[in-house]
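Okay, here's what each chain looks like letter by letter:
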Amino acid sequence: MNFDNSYSGLPPAFYASVIPDEVPAPTLLAWNAGLAHELGIASSDYDEAQLAGIFSGSVALQGSQPISMAYAGHQFGHFVPQLGDGRAALLGEVVTKAGNRFDVQLKGSGRTPFSRGGDGKSWLGPVLREYILSEAMHRLGVPTTRALAAVATGETVFRESPLPGAVFTRVAASHLRVGTFEYFAARGDLESLKALADYAIGRHYPEVADETSPYVGLLRRVVEGQAELVAHWMSIGFIHGVMNTDNTAISGETIDYGPAAYLDEFRFDKVFSSIDSYGRYAFANQPTMAQWNLARLSETLLALGAGKDELEAALSLFPDQYESRYLKLMAPKLGVHHVQHSDAGLVADWLKYLNDNALDYTLSFRELASRAGADDEERFGPFETRWRQRISSQGRTAAEVSALMNSVNPLFIPRNHFVEQAISDAVEGDLTVFNELNAALSQPYSEQPGFSEFAKAPRGHERVTQTFCGT
Ligand code: AMP
Ligand code: MG
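If you're wondering where the values come from, they're calculated on a predicted model, not measured in any experiment.

What counts and what doesn't
- Residues numbered from 1 in each chain as written.
- Chains lettered and ligands numbered in written order.
- Predicted model: local features only at pLDDT ≥ 70, side-chain atom pairs only at ≥ 80, totals over all residues.
- Heavy atoms only, no water.
- Core = buried A, V, L, I, M, F, W, Y, C linked by side-chain atoms within 4.5 Å.
- Buried < 20%, exposed > 50% of the residue type's maximum accessible area, 1.4 Å probe, protein only.
- Helix = DSSP H or I, 4+ residues; strand = E, 2+ residues; numbered from the N terminus.
- Contact = heavy atoms within 4.5 Å.
- Salt bridge = Lys/Arg side-chain N within 4 Å of Asp/Glu carboxyl O.
- Near = heavy atom within 4 Å.
- Polar contact = N/O pair within 3.5 Å; in protein donor to acceptor, adjacent residues only side chain to side chain.
- Areas by Shrake-Rupley, 256 points an atom, 1.4 Å probe, with all protein chains shown as cover.
- Nonpolar A, V, L, I, M, F, W, Y, C, P; charged D, E, K, R; others polar.
- Axes fitted to C-alpha atoms, helices over the stretch in contact; angles between N-to-C directions.
- Parallel < 35°, antiparallel > 145°, perpendicular 65-115°, else oblique.
- Left-handed = near helix turned anticlockwise from the far one by under 90°.
- Phe/Tyr/Trp six-rings, centres within 6.5 Å; stacked < 30°, edge-to-face > 60°.
- Expected span 1.5 Å × (residues − 1).
- Arc of directions from axis to C-beta.
- Domains from an automatic or database assignment.
- Buried area = accessible area lost by both parts, 1.4 Å probe.

## Description of the nonpolar core
Phase 1 of the analysis: Membership of the largest hydrophobic core comes to 122 residues, with the highest contact counts inside it found for Tyr-7 and Phe-181.
Phase 2 of the analysis: The element contributing the most residues to this core is helix H6 (residues 214–236), with 13 residues.
Phase 3 of the analysis: The residues touching Phe-181, leaving out its near neighbours within four places in the chain, are Leu-193, Leu-196, Ala-197, Ala-200, Leu-218, Ile-250, Leu-297, Thr-300 and Leu-301.
Phase 4 of the analysis: Core analysis: the next-biggest nonpolar cluster, separate from the first, contains 22 residues, Ala-36, Leu-39, Phe-55 and Val-151 among them.

Next comes the structure, spelled out in C-alpha cells:
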C-alpha cells in the first residue's frame, strides 16, 4: 500500500500518534477485493493471514503513521468540547491512480488518548453492521465511507455480556467533520482553525480557494454536499440515527453507521435508535437537523472572519437545494421521466398514503411499478388515480414507465431483521447469511431468485423496533 499522509503534516494539536493493539488471533471475516483494487492494493500480494494481521492493527505497514484525530461535537444538541477518535486509528492516506485521496482507518483497534472511559474496542456486531450498510449504501449510489475489511480479533469484548471482538477497516474521502472545526473554534485556537479550513479546501474543494471569500465558498460546498446526501437518505428510506456534528463529514459522505437503519413500513416520525428518546433524528427531521449542523459549521467560519451576511446566505441555500435534489431523486421513483415543480405534490400524496396505511417503503415502489399498465381495481387508492394521470400524460408506454421505476427503486435494502440475523449467526461462527446478504445487496435493483428471501419485509415477530450504537 502506498501511503501519502497529509493529515499528520498538520500541527500536533490535530491528532495523537497511536499504536493499534496487537490481538491474539486475527481472522479475516470479510475482504473487499474490489475496493482494495481501486486503492491500488494488490490482494494477491497478501494471504488471508497477512491481511488479518494488517487490518486488525497487529502488523504495522510500512509508510503507515497511525493517528487518532481530535474533534469535538454537538451530541443531541449539547456541545462536547472533546470527543476524538476513542477507538479508531487512521493508518494513513492512499492516493489512487485516478488521483483521489482516501483515508484508511481502523475502528476498534484499542484505546487512544481520546478514549475517555471507553475500551477502544468494538464487538463483531457494529463491525459487520457497518460493513453491510456502508457497502449497500455505495451500491445504491449514495455518497458514503466504504468497507475494506472486517477482522475477528480472538478477544472478548465486554458490553452487557461478553462478546467476540472485531476490527473494521473504513475507507473515507476524509474524516474531517463539522466537529473538527468546532474543536478548534471552541478553544479559540484560530490558527489551527484556519489551518483546518485551508486543509479542507485543498483536499475537497480546491476550486473555492480563488474566490474572494474562500471560507464562504467552503460552507456553500458543504451545504450542497449535505443537501445532496440527505436527499438521497430520504429517497431510500434511510435513518442515520446519530446526526451529531461529529458524525457530519465535510466531504458529504455518510459516516458512522451506529444505529442506522432503513424503514420497513413507512412512518414520517420513525425512530430506531435506542438513545434518541425525543426523536431528534426521526426520519422526517433529517433535513432540518442537517441544516442545524451546517449552522454550527458556519459559526466556526464566522470566527475566521468570513462575512456574516455571506455565511447566512450560503446557509440559507440549504432548503431549496435539498428540495430540488430530493424531487429529482423521487420523481423517477414514481415513473416520472421529466420532473415538474408540481410533482412535489405527487410525492407528498404518495408518502402520506404510505404513512397512513403503514406500507413497506421499498416494496411499495416496486409494486407501484408493476401497476403502470394495470386497469383493474386500484391497489393504492385515490393516489393511484392521480399517479396514473401523471404518468399517462408523458407519452410513454407502461413498460417504459415501469422500467424507469425498477432502475431506481431497489428491491434489496439491508433490512434490519436480516442484518441482525447475519450478526447473530456470525457470533456463532456462521457467516453464510452475512455473505449472502452482501451478495444480494451488491445488485440492489435486480431480481435475484436465489436471494428473494432478503427482499421480503419482516413479518410481525421479525420486525426490529430498536437499534443500538453498539459502542
Ligand atoms: P460514535 O457514537 O461512534 O460517533 O462515537 C462517539 C464518541 O465516542 C467518539 O469520540 C468515539 O471515539 C467514542 N467511542 C465510542 N465507542 C468507544 C469505545 N469503545 N472506546 C472508546 N471510545 C469510544
Ligand atoms: Mg462518530
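## Examining the pattern of salt bridges
Pairing is possible between side chains of opposite charge, provided their charged atoms come close.
Phase 1 of the analysis: This model, assessed by the stated rule, comprises 32 salt bridges.
Phase 2 of the analysis: The partner of Glu-228 in a salt bridge is Arg-325, with the nearest N and O atoms 2.8 Å apart. Of this pair, Glu-228 sits in helix H6 while Arg-325 sits in helix H9 (residues 318–333), and the two are 97 residues apart along the sequence.
Phase 3 of the analysis: Judged by relative accessible area, Arg-325 falls into the partly exposed class, the value being 24%.

## Brief notes about the site of ligand 1
Phase 1 of the analysis: Neighbouring ligand 1 are 18 residues; Gly-84, Gly-86, Arg-87, Asp-119 and Gly-120 lie closest to it.
Phase 2 of the analysis: Between Arg-116 and ligand 1, the recorded distance is 3.2 Å, taken from a side-chain N or O atom to an oxygen atom.
Phase 3 of the analysis: Expressed as a share of its isolated accessible area of 480 Å², the protein-covered part of ligand 1 is 86%.
Phase 4 of the analysis: Classifying every residue of the shell around ligand 1 gives two nonpolar, eight polar and eight charged.

## With respect to the packing of helix H3 (residues 124–139) against helix H14 (residues 416–427)
Phase 1 of the analysis: One can describe the packing of H3 onto H14 by two numbers: an axis separation of 10 Å at closest approach and a directional angle of 135°. The pairing of H3 with H14 is recorded here as oblique in orientation. Handedness of the H3/H14 crossing: right-handed. When H3 is examined against H14, the residues Leu-124, Gly-125, Leu-128, Arg-129, Ile-132 and Leu-133 are found in contact with a partner set consisting of Asn-416, Val-419, Glu-420, Ala-422, Ile-423, Ala-426 and Val-427.
Phase 2 of the analysis: Split by residue class, the contact of H3 with H14 holds nine nonpolar, two polar and two charged.

## Thoughts on the environment of Gly-470
Phase 1 of the analysis: With respect to the helices and strands, Gly-470 occurs in the segment after helix H15 (432–441).
Phase 2 of the analysis: In this structure, the C-alpha to C-alpha distance between Gly-470 and Leu-404, residues 66 residues apart in sequence, is 38 Å.
Phase 3 of the analysis: Those residues within four positions of Gly-470 in sequence are excluded, and the remaining contacts are Trp-123, Pro-126 and Arg-159.

## Description of the packing of aromatic side chains
Phase 1 of the analysis: Applying the stated criterion across every chain, the model contains 23 aromatic pairs.
Phase 2 of the analysis: Judged by centre distance (6.5 Å) and plane angle (85°), the ring pair of Tyr-131 and Phe-168 falls under edge-to-face. Here Phe-168 lies in strand S9 (residues 162–172) and Tyr-131 lies in helix H3, a separation of 37 residues in the sequence.
Phase 3 of the analysis: Classification of Phe-168 as buried rests on a relative accessible area of 2%.
Phase 4 of the analysis: Ring centres of Tyr-322 and Tyr-326 lie 5.6 Å apart, and the angle between their planes is 15°; on these two criteria the pair is classed as stacked. Of this pair, Tyr-322 and Tyr-326 are both found in helix H9, four residues apart, which corresponds to roughly one turn of the helix. Of the two residues, Tyr-322 and Tyr-326, neither departs from the other in class, the shared state being buried.

## So, helix H10 (residues 343–357)
Phase 1 of the analysis: With 15 residues, H10 extends 21 Å from end C-alpha to end C-alpha; this agrees with the ideal 21 Å at 1.5 Å per step.
Phase 2 of the analysis: Within H10, burial applies to Asp-343, Leu-346, Val-347, Trp-350, Leu-351, Tyr-353 and Leu-354. Along the long axis of H10, the arc covered by the buried residues comes to 155°, so they all point the same way.
Phase 3 of the analysis: For H10, the secondary structure elements touched by its buried residues are H9, helix H11 (361–369) and helix H12 (381–392).
Phase 4 of the analysis: Just past H10, the residue Ala-358 takes up positive phi, approximately 50°.

## Notes on the domain arrangement of the protein
Phase 1 of the analysis: In terms of domains, the protein is made up of domain 1 (7–172) and domain 2 (178–326).
Phase 2 of the analysis: The distance between the C-alpha centroids of domain 1 and domain 2 comes to 22 Å.
Phase 3 of the analysis: Listed per partner, the contact involves 34 residues of domain 1 and 39 residues of domain 2.
Phase 4 of the analysis: Between domain 1 and domain 2, a total of about 3,000 Å² is buried, with carbon and sulfur atoms accounting for 62% of that surface.
Phase 5 of the analysis: Among the residues of domain 1 in contact with domain 2, His-74, Phe-76 and Met-137 are the three that bury the most area, contributing 22% of the side total.
Phase 6 of the analysis: Viewed at the interface, domain 2 and domain 1 are joined by four salt bridges.
Phase 7 of the analysis: With its nearest N and O atoms 3.9 Å apart, the salt bridge here joins Arg-203 to Glu-93.
Phase 8 of the analysis: Looking at the side of domain 1 that touches domain 2, the elements with two or more residues in it are strand S4 (73–75), strand S7 (101–107), H3 and S9.
Phase 9 of the analysis: Here the element with the most residues in the side of domain 1 that touches domain 2 is H3; it accounts for five residues.
Phase 10 of the analysis: Classifying every residue of the side of domain 1 that touches domain 2 by side-chain character gives 18 nonpolar, nine polar and seven charged.

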